[in-house]
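Structure at a glance
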Amino acid sequence: MGLLSVLSLAHKWTAERVQPGDAVIDATAGNGVDTLFLCELAGPKGQVYAFDIQEQALRNTQRRLERARQEGRRIAPAELLLLSHDQMVQAVPEHQHGRIAAALFNLGYLPAPGADPSLITKPETTITALESALALLRPGGLLSVVLYPGHAGGDTEAAAVDNWAQQLDPQAAQAAQYRMLQKPQAPYLIAVEKRK
Ligand SMILES: C[S@@+](CC[C@H](N)C(=O)[O-])C[C@H]1O[C@@H](n2cnc3c(N)ncnc32)[C@H](O)[C@@H]1O
């Protein structure tokens, strides 16, 4: 068996921290693959908050969740929010602040036919959103960020996220990186665990 892909490792580490009934955040809903994954982990008594700035993304996510429900899969309710993830603190209800088990950021553009490739995540809003997500996590909660240094704009965003994670107070959070060393352009993962 080869090494896990970056997204598989993000999912594995997330699954280790999320229990049925938990509240979780998908910061970039896209086509809903990650949202559905989180809805399955959180289960029918949990709650998922999913953000995207594109209606097309939220429609695709909604369709994916509906299909899963029609198939009888027992998944968490999801609030699909047409908002930039830097609005996360205002959008997630106050009673969930400090109780979020995990947040997943799968950065970049919407990989869907006809989607506007210029609508990508941007360093300024991404960093604000990461700060917010860390504040919303419960102690021991996990933030996962999948970065794409190989596309235009993705390299500067990845550098900004690296810099942000490196500067975190180690007493407050522990940060790790997972990447394929012979493929510097390939996607990689930064995971941040909030200290207990
Ligand atoms: C790589 S895709 C996400 C893939 C998705 N998680 C999935 O499972 O299909 C990145 C998404 O981030 C969204 N995005 C870009 N800027 C954003 C922002 N400021 N806030 C929230 N989402 C954003 C894009 O519209 C795009 O759908």
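Here we summarise the structure given alongside this text. What you see is a predicted model, and the numbers here were worked out from it, not measured in a lab.

**Quick word on the site of the ligand**
Surrounding the ligand, one finds 22 residues, the nearest of these being Thr 28, Asn 31, Asp 34, Asp 52 and Gln 54. Separating an oxygen atom of the ligand from a backbone N or O atom of Asn 31 is a distance of 2.8 Å. Asp 52 is positioned such that a nitrogen or oxygen atom in its side chain is 2.6 Å from an oxygen atom of the ligand. In isolation the ligand has 610 Å² of accessible area, and contact with the protein removes 95% of it.

**Concerning the nonpolar core**
Counting residues in each nonpolar core, the largest one holds 32 residues, and the members touching the most others are Ile 25, Met 88, Phe 105, Leu 143 and Trp 164. At the level of elements, strand S1 (23-26), strand S2 (47-52), helix H4 (88-91), strand S4 (100-106), helix H5 (123-136), strand S5 (137-147), helix H6 (154-166) and strand S7 (188-194) are the ones that each hand at least two residues to this core. A per-element tally of this core places H5 first, with 6 residues. With 22 residues, the next largest nonpolar core counts Cys 39, Ile 75, Ala 101 and Leu 189 among its residues.

**Considering the pairing of strand S3 (residues 78-82)**
It is a general feature of regular strands that their side chains alternate between the two faces of the sheet. As judged from the 5 bridges shared by S2 and S3, these two strands associate in the parallel manner. Its bridge partner lying in S3, Val 48 is registered against Ala 78. At this point the chain moves from S2, through helix H3 (residues 55-70), to the parallel S3, and the crossover so formed is right-handed.

**Digging into the side chain of Thr 126**
With respect to the helices, strands and loops of the structure, Thr 126 is situated in helix H5. Judged by its relative accessible area of 0%, Thr 126 is buried. Within polar-contact distance, the side chain of Thr 126 engages the backbone oxygen of Lys 122 at 2.8 Å. Sequence-distant contacts of Thr 126, defined by excluding residues within four places in its chain, comprise His 85, Leu 107, Thr 121, Glu 157 and Val 161.

**Concerning the sheet that holds strand S6 (residues 173-178)**
Overall, mixed pairing links the 7 strands, which are arranged S3-S2-S1-S4-S5-S7-S6 in an open sheet. Here the strands that pair on one side only, and so sit at the sheet edges, are S3 and S6. With direction set aside, neighbouring strand axes in the sheet form an average angle of 15 degrees. Of the strand pairs in this sheet, S4 and S5 are connected by 6 bridges, and their pairing is parallel.

**Examining the pattern of salt bridges**
Inspection of the entire model under this criterion finds 6 salt bridges. Between Glu 16 and Arg 17 there is a salt bridge, with the nearest N and O atoms lying 4.0 Å from each other. When its relative accessible area of 47% is taken as the criterion, Glu 16 is described as partly exposed. The class of Arg 17 is partly exposed, set by a relative accessible area of 22%. The salt bridge involving Glu 40 is made with Arg 73; its shortest N-O contact spans 2.9 Å. Within this pair, whereas Glu 40 is found in helix H2 (residues 33-42), its partner Arg 73 is found in the loop between H3 and S3, the two being separated by 33 residues in sequence. Its relative accessible area of 35% is what places Glu 40 among the partly exposed residues. Sharing partners across several salt bridges, the network here consists of Lys 12, Glu 16, Arg 17 and Glu 193.

The rules we used
- Residues numbered from 1 in each chain as written.
- Predicted model: local features only at pLDDT ≥ 70, side-chain atom pairs only at ≥ 80, totals over all residues.
- Heavy atoms only, no water.
- Near = heavy atom within 4 Å.
- Polar contact = N/O pair within 3.5 Å; in protein donor to acceptor, adjacent residues only side chain to side chain.
- Areas by Shrake-Rupley, 256 points an atom, 1.4 Å probe, with all protein chains shown as cover.
- Core = buried A, V, L, I, M, F, W, Y, C linked by side-chain atoms within 4.5 Å.
- Buried < 20%, exposed > 50% of the residue type's maximum accessible area, 1.4 Å probe, protein only.
- Helix = DSSP H or I, 4+ residues; strand = E, 2+ residues; numbered from the N terminus.
- Pairing = 2+ DSSP bridges.
- Right-handed = clockwise from strand over helix to strand, strands pointing away.
- Contact = heavy atoms within 4.5 Å.
- Axes fitted to C-alpha atoms, helices over the stretch in contact; angles between N-to-C directions.
- Salt bridge = Lys/Arg side-chain N within 4 Å of Asp/Glu carboxyl O.

Take it as geometry only, folks, not as evidence of what the structure does.
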